[in-house]
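The chain contents come next:
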Amino acid sequence: MSTVTRANLVEHLYSRVGLSRHDSSMILESLLDAISNRLEAGESVKLSGFGTFSVRQKGERIGRNPKTGVEVPILPRAVLVFRPSQLLRDRMNGSENVAVEAPSRDR
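Described in the following lines is the structure provided in the data block. Since we're looking at a predicted model, the values are computed, not measured.

Let us now look at the environment of Y14. As for its position among the elements, Y14 is in helix α1 (residues 6-17). A relative accessible area of 17% means that Y14 is categorised as buried. For the pair formed by Y14 and S25, sequence separation is 11 residues and the distance between their alpha carbons is 8.7 Å.

Our next topic: the pattern of salt bridges. Taken as a whole and assessed by the stated rule, the structure comprises four salt bridges. A salt bridge links E29 to R6, with the shortest nitrogen-to-oxygen separation between them at 2.9 Å. In this pair, E29 sits in helix α2 (residues 21-40) while R6 sits in helix α1, placing the two residues 23 residues apart along the sequence. Accessibility expressed as a relative area gives 48% for R6, which makes it partly exposed. A salt bridge links R21 to E11; the nearest nitrogen and oxygen atoms lie 3.0 Å apart. Of the two residues, R21 is situated in helix α2 and E11 in helix α1; the sequence distance between them amounts to 10 residues. Accessibility expressed as a relative area gives 42% for R21, which makes it partly exposed. We classify E11 as partly exposed; its relative accessible area is 34%.

Right, let's get into the pairing of strand β4 (residues 71-74). With four bridges connecting them, strand β3 (residues 61-64) and β4 associate as antiparallel partners. The residue bridging R64 from the neighbouring strand is E71, located in β4. Adjacent in sequence and paired antiparallel, β3 and β4 are bridged by six residues, among which G69 carries a positive phi angle near 80°.

Calculation criteria
Residues numbered from 1 in each chain as written. Predicted model: local features only at pLDDT ≥ 70, side-chain atom pairs only at ≥ 80, totals over all residues. Heavy atoms only, no water. Helix = DSSP H or I, 4+ residues; strand = E, 2+ residues; numbered from the N terminus. Buried < 20%, exposed > 50% of the residue type's maximum accessible area, 1.4 Å probe, protein only. Salt bridge = Lys/Arg side-chain N within 4 Å of Asp/Glu carboxyl O. Pairing = 2+ DSSP bridges.

As far as function goes, none of this settles anything; it's purely spatial.
Right under this line is the structure:
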């Protein structure tokens, strides 16, 4: 199993859509910037059929150093949360009611 990188996504856009690698890269960067900007502003980002990214605020709490057992305060912070759509969950679990991926475009 490998990790999907930006380069993988750019190559996928290039081969499927037929844009140049440069244009594919610009589109991907623009998309990621738009998503990041919305999340930084505290908004949720919903990608239909994929899932929802949202920012959740975690309050201050008391934690414990596992090595020494000393209690330490954990400061409040924002965390990124991803909730997959039901369609993505079904695809991950091999459900038969899953939409089929569009065929690749010949160049």
